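# Fold and contact review
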Amino acid sequence: MAAAGSGRTVSNTFAPVRNWLLLPTWLTVGIFMLLPIALMLVYSFLTKEFRGGVIWEFTLAAYDQFVFDRGLFGDEAPSIEWTYITIYFRSLVQASMATLLCLLIGFPTAFFIATRSPSTRSMWLFLVTIPYWVNLLIRTVSMKFLIRENGPLNQALLGSGLIDTPLQLINTNIAVQLGLFYSYLPFMVLPIYAAVERYNFSLSEAGADLYAGRWTILRRIVIPAVKPGIIAGCILVFVPSLGAFLAPDLLGGAKTFMIGSLIEEQFKGNAGNWPFGAASAMILLTLVLIALLFYARAQTKEQV
Amino acid sequence: MFTGNNNRTYNPRRYPGFLFITLVCLLILYAPLLVVMGYSFNDNLSITKWSGFSLRWYTDVFTGPEAAKFKKAAWNSLSIALSAALVATSFATAAAIGMVRGGAFNGKTLSFGLISIPIMVPEIVTAVAMLIFFSMIGLKLGYLSILIAHIVFCIPFAYLPISARLQGIEASFEEAAQDLYADRWKAFRYVLMPLMLPGMLSGFLLAFIISLDDFIITNFIKGAGVETLPTAIFGAVKQGIKPNIMALSTLMLLFSVLLVSLSYFIGRTDKEKNDAN
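Residues numbered from 1 in each chain as written. Chains lettered and ligands numbered in written order. Predicted model: local features only at pLDDT ≥ 70, side-chain atom pairs only at ≥ 80, totals over all residues. Heavy atoms only, no water.

### Quick notes on the overall build of chain A
Scanning chain A from N- to C-terminus turns up 13 helices and four strands. When its C-alpha atoms are laid out on the principal axes, chain A stretches across 75 × 75 × 35 Å. Partitioning the contacts of chain A with sequence separation of at least 6, the portion at a separation of at least 24 is 63%. Accessible surface, chain A: about 14300 Å² in total, of which carbon and sulfur atoms supply 66%. Across chain A, the centroid of the 20 positively charged side chains sits 14 Å from that of the 16 negatively charged ones. (Helix = DSSP H or I, 4+ residues; strand = E, 2+ residues; numbered from the N terminus. Contact = heavy atoms within 4.5 Å. Areas by Shrake-Rupley, 256 points an atom, 1.4 Å probe, with all protein chains shown as cover. Lys, Arg positive; Asp, Glu negative; His and termini not counted. Charge placed at Lys NZ, Arg CZ, Asp CG, Glu CD.)

### As for the environment of phenylalanine 126 of chain A
By the element assignment, phenylalanine 126 of chain A lies in helix 4 (residues 118-133). With eleven residues separating them along the chain, phenylalanine 126 of chain A and leucine 137 of chain A place their C-alpha atoms 21 Å apart. When near neighbours in sequence (up to four residues on either side) are disregarded, phenylalanine 126 of chain A contacts Val260, Ser261 and Tyr264 of chain B.

### Remarks on unusual backbone geometry
Even without being a glycine, asparagine 171 of chain A presents a positive backbone phi close to 70°. Secondary-structure assignment places asparagine 171 of chain A in the loop between helix 6 (152-159) and helix 7 (173-198). Residue classification places asparagine 171 of chain A among the partly exposed positions, given a relative accessible area of 44%. Even without being a glycine, tyrosine 181 of chain B presents a positive backbone phi close to 70°. With respect to the secondary-structure elements, tyrosine 181 of chain B resides in the loop between helix 7 (172-179) and helix 8 (184-213). (Buried < 20%, exposed > 50% of the residue type's maximum accessible area, 1.4 Å probe, protein only.)

### Here's the deal with the interface of chain A and chain B
With 101 residues of chain A in contact, the opposing surface of chain B contributes 103 residues. Of the roughly 9800 Å² buried between chain A and chain B, counting both surfaces, carbon and sulfur atoms make up 76%. Area buried by chain A at its contact with chain B is led by Phe14, Trp133 and Phe145 of chain A, which between them contribute 8% of it. At the surface where chain A touches chain B, the tally comes to one salt bridge. Put simply, aspartate 249 of chain A and lysine 238 of chain B hold a salt bridge, and the shortest N to O gap is 2.7 Å. Counting across the interface, chain A meets chain B through 13 residue pairs in polar contact (both at pLDDT 80 or more). In terms of residue count, helix 1 (residues 18-43) of chain A provides more of the side of chain A that touches chain B than any other element does, 18 residues in total. (Buried area = accessible area lost by both parts, 1.4 Å probe. Salt bridge = Lys/Arg side-chain N within 4 Å of Asp/Glu carboxyl O. Polar contact = N/O pair within 3.5 Å; in protein donor to acceptor, adjacent residues only side chain to side chain.)

### Thoughts on the confidence of the model for chain A
Residue and element names in this part refer to chain A. Mean pLDDT for chain A: 86, with 95% of residues reaching 70 or above. Least confident of the elements in chain A is helix 8 (residues 202-209), whose mean pLDDT is 82; most confident is helix 1, at 95. In this model residues 1-8 is a low-confidence stretch, pLDDT under 50, and it forms twelve contacts with partners more than four residues away in sequence or in other chains. (pLDDT = per-residue confidence, 0-100.)

### A short note on helix 4 of chain A
Between its terminal C-alpha atoms helix 4 of chain A stretches 23 Å, which fits the 22 Å expected from 16 residues at 1.5 Å a residue. All buried positions along helix 4 of chain A are accounted for by Arg121, Trp124, Leu125, Val128, Thr129, Ile130, Pro131, Tyr132 and Trp133 of chain A. (Expected span 1.5 Å × (residues − 1).)

### Let's talk about the nonpolar core
Counting residues in each nonpolar core, the largest one holds 189 residues, and the members touching the most others are Met40 and Phe111 of chain A together with Ile132 and Met196 of chain B. Residue contributions to this core reach at least three from each of two domains, namely domain 1 (16-80 + 274-304) and domain 2 (90-266) of chain A. Residues in contact with methionine 196 of chain B, not counting those within four places in the same chain, are Thr93, Ile97, Ile162, Arg165, Leu166, Ile169 and Phe188 of chain B. (Core = buried A, V, L, I, M, F, W, Y, C linked by side-chain atoms within 4.5 Å. Domains from an automatic or database assignment.)

### Observations regarding the side chain of serine 40 of chain B
Residue and element names in this part refer to chain B. Mapping serine 40 onto the fold places it in the loop between helix 1 (18-39) and helix 2 (56-63). Assessed through its relative accessible area of 0%, serine 40 is described here as buried. Within the structure, serine 40 has its side chain in polar contact with the backbone oxygen of methionine 37 (distance 2.6 Å). The residues contacting serine 40, other than those within four sequence positions of it, are Ser54, Trp57, Tyr58, Met246, Ala247 and Thr250.

### Considerations on the confidence of the model for chain B
Residues and elements named next belong to chain B. For chain B, the average pLDDT comes to 87, and 93% of its residues sit at 70 or higher. The element-level mean pLDDT for chain B is lowest in helix 11 (residues 243-276), coming to 77, with helix 3 (residues 67-101) highest at 95. Confidence drops under a pLDDT of 50 for residues 1-7, and excluding neighbours within four residues, the segment shows eleven contacts in the predicted structure. With a pTM of 0.87, the predicted complex shows an ipTM of 0.87.

### A few points about the side chain of glutamate 81 of chain A
Residues and elements named next belong to chain A. The topology assignment puts glutamate 81 in the loop between strand 4 (79-80) and helix 3 (82-114). Residue class for glutamate 81 comes out buried when judged on its relative accessible area of 16%. Here the side chain of glutamate 81 touches threonine 83 through a polar contact of 2.3 Å, side chain to side chain. Among residues more than four places away in sequence, those in contact with glutamate 81 are Gln65, Phe66, Val67, Phe68 and Asp69.

### Focus: the environment of serine 79 of chain B
All names here are of chain B. Along the polypeptide, serine 79 turns up in helix 3. Judged by its relative accessible area of 10%, serine 79 is buried. Separated by 68 residues in sequence, serine 79 and leucine 147 have C-alpha atoms that sit 9.2 Å apart. In terms of polar contacts, serine 79 uses its side chain to reach the side chain of tyrosine 143, at 2.6 Å.

Here it is as structure tokens:
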């Protein structure tokens, strides 16, 4: 992330009107983003009304429902409710897997592009960037079309004789994983590319002069040097994957439910439990903040 | 900086398998899109069988039974994206000047944090928070609520390229203008803005595409009856992928590619100009 304009030159030509210049943005983000998030926190402690709205009475019911099962009428002895914990755990696993896969494919790609000659480099980069700009919904629908039971992928595999029965990918965790990986792959490539492009390759040559093989150079010199780019890429893939809605909704089924679908169901679907939806969103936001804090710490450690 | 010399002992270009992985990466990124583009020209009601080239689904998008719905959704999408990107770019330009040219001030980091909140927070969380907010203040969900939401999440996307551009412009230009008795507005209008324009344009295009792209937040706060292209496509896809949806998707896809190429071109000519100086 660009440092807060902590620029090379601190210029103050517009200092006297600074607050007026910043006011529209402060107000817009403050009123329509910060305030709503604060309200969402409040809502997560309110009592739910039948279908939709809330009653303004403080309760921990939403968080209680998340962790404990107290039976249909809420009067049984509490036992751990695994449904929601499982959904969050599955989302964490899926997001981590997607991050790892994107890193495994994205790092060599970024490294390859960054070591091309400057003229072909921008062509490769352009090729990788284009899919990122295509509507995410359209990309996810396209993936669904490609991998569905009678889809082109299965037809091609059957036709080539590689498989005898069509692969049942749709509605599995693998399909959701494929969707997440495919959605956020460019997010991994771009920051790593930027880091490798800035990397000083004479360091690698020094390593080679000291008889290090090219894989040793990559592992011991290049990767530590471009680590900030790698961490940034991982965060950019992990955070949206964790709260993803389209990939699990379109490519998955009931058994692949992720956080995004759980939250959506509380507001748009049949569940209609706003405080519980708000609480689920708060828990997701907390997880993301933990990831971002980890990122900020890793970045400052790199700079010291 | 890599210079491309042929060091005998070490050449960073020679990592066996990296070219292969790059090609796999591109294959994964493009295969689904190319397949859908291809099948949108399929002259068959069933999406499974190929039976010859045809433009019938493109005709269907514009004149078929769902044409009116698509047209309305397209109008909503484009007008919201245009307005949201314009407002967000104006706010972001002002904010960038305040941040980059406002000297050192207390709360600069806080201010930057505030601007980047819409990027940091997962979309689904933003969607929930805004739905709760709008329903609490009693704003009827519809065109206006969508527009407000889009302005908010477009601001950081417009801000980043604009402030990056501004950081690369030396303050001596405006200082010279002010020495020659230009007031702040004139210094901005006639000196700073022409220099910032490429950044403002790419910020605008970025915001425009981000707004066109949004599904999750719009889906939450659109209310009944108001659709944008993504929500209309999502609704249609829930009934199964039909060939006219593939044609519509292909059109949107090509439109995005056109915009990106445009932004790429603007950025490139700008860079070449800089190199020439």
